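Examination of the molecular architecture
Each chain is listed here by its residues.
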Amino acid sequence: LDGRDGIELDPTADLVDNNRDGMVDEENDATASLVVDIDAPVIVLSKTWADDNGEPLEGGDLITWTLTAENRGTTLTEDVVLTDRILGLADSTFVAGSATTTAGTVTVSSILLAELGDLDAGAMEMVTFQTRLNQHPTASAIVNQAEIDTGDSYTGILSDDPDTPEFGDATV
């Protein structure tokens, strides 16, 4: 079988014993399963925050944000770039000089831009920065989401708040 992206599949290879009788045969297993291992990166971006002054949030509090880019796949992904529109956060101000990264470079102008470089399979890199609340926050004051793109066509991957059951949701 000709697969996508030049992957060729052999339907007679790697058949599975579906009925667990110790024999791999189409007749007794009802349907044959084809096991295909495809090497690919799996990029996950999470975003968390901590109130450095202790909760509850109040005007003047310092918030530390942590972005974690992780490759849960089986191969390297290239040219990982993380962006975050932190200057658009309502009721807060970016703390100059607070942005750091465990790999590559991070700059802040109208957005935070972290060029992390390549991310090996199983690797994880982090970016942290701080904002200060200008006033007591409203319900939407610190809702934020970052985005990650790679040089090998993985684009628009949004950050996830790992503290909620939904995947791909903004950090609140």
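What comes next concerns the included structure. (Residues numbered from 1 in each chain as written. Predicted model: local features only at pLDDT ≥ 70, side-chain atom pairs only at ≥ 80, totals over all residues. Heavy atoms only, no water.)

Within the element layout of this structure, Q130 appears in strand β8 (residues 124-133). Only 3.1 Å separates the side chain of Q130 from the side chain of T64, close enough to count as a polar contact. Beyond its immediate stretch of four places on either side in the chain, Q130 contacts D52, L62, I63, T64, T93, F94, V95 and S98. (Helix = DSSP H or I, 4+ residues; strand = E, 2+ residues; numbered from the N terminus. Polar contact = N/O pair within 3.5 Å; in protein donor to acceptor, adjacent residues only side chain to side chain. Contact = heavy atoms within 4.5 Å.)

What follows deals with a negative patch on the surface. A grouping of E78, D79, D118 and D120 is seen on the molecular surface, where their side chains present a negatively charged patch. Residue classification places D120 among the partly exposed residues on the basis of a relative accessible area of 45%. (Patch = residues over 30% accessible without salt bridge, like charges linked within 9 Å, V, L, I, M, F, W, Y side chains within 5 Å. Areas by Shrake-Rupley, 256 points an atom, 1.4 Å probe, with all protein chains shown as cover. Salt bridge = Lys/Arg side-chain N within 4 Å of Asp/Glu carboxyl O. Lys, Arg positive; Asp, Glu negative; His and termini not counted. Charge placed at Lys NZ, Arg CZ, Asp CG, Glu CD. Buried < 20%, exposed > 50% of the residue type's maximum accessible area, 1.4 Å probe, protein only.)

Quick look at the packing of aromatic side chains now. Inspection of every chain in the model, using the stated rule, returns two aromatic pairs. Centre to centre, the rings of W65 and F129 are 6.1 Å apart; their planes meet at 15°, and the pair counts as stacked. In this pair, W65 is assigned in strand β2 (residues 62-71) and F129 in strand β8, connecting sequence segments 64 residues apart. Owing to a relative accessible area of 0%, W65 belongs among the buried residues under this scheme. Here the aromatic cluster, defined as three or more aromatic residues joined through ring pairs, consists of W65, F94 and F129. Note that K47 overlies the ring of W65, its terminal NZ or CZ placed 4.7 Å from the centroid. (Phe/Tyr/Trp six-rings, centres within 6.5 Å; stacked < 30°, edge-to-face > 60°. Lys NZ or Arg CZ within 6 Å of the ring centre and 35° of its normal.)

A few words now on the sheet that holds strand β6 (residues 105-108). Pairing between the strands of a sheet is mediated by backbone hydrogen bonds and can be parallel or antiparallel. Taken in spatial order, the five strands make up an open sheet running β6-β7-β3-β9-β10, and their pairing is antiparallel. Each end of this open sheet is capped by a strand with a single partner; those strands are β6 and β10 (157-158). Inspection of the sheet shows β6 paired to strand β7 (residues 112-119) by four bridges, in the antiparallel sense. When the sheet's bridge partners are listed, V106 is paired in β7 with A114. (Pairing = 2+ DSSP bridges.)

Let's shift gears to the nonpolar core. Of all hydrophobic cores here, the largest spans 23 residues; its most connected members are L45, L67, L112, F129 and I148. Elements with a minimum of two residues in this core: β1 (43-51), β2, β3 (77-84), β7, β8 and β9 (146-149). (Core = buried A, V, L, I, M, F, W, Y, C linked by side-chain atoms within 4.5 Å.)

Before going further, it helps to spend a moment on unusual backbone geometry. The peptide bond linking E55 to P56 adopts the cis configuration, its omega dihedral lying at 5°. Its location among the elements puts P56 in the loop between β1 and β2. Not every positive phi belongs to a glycine, and D79 is a case in point at roughly 50°. Examined against the element boundaries, D79 turns out to sit in strand β3.

Spatial relationships are all this shows, so hold off on functional conclusions.
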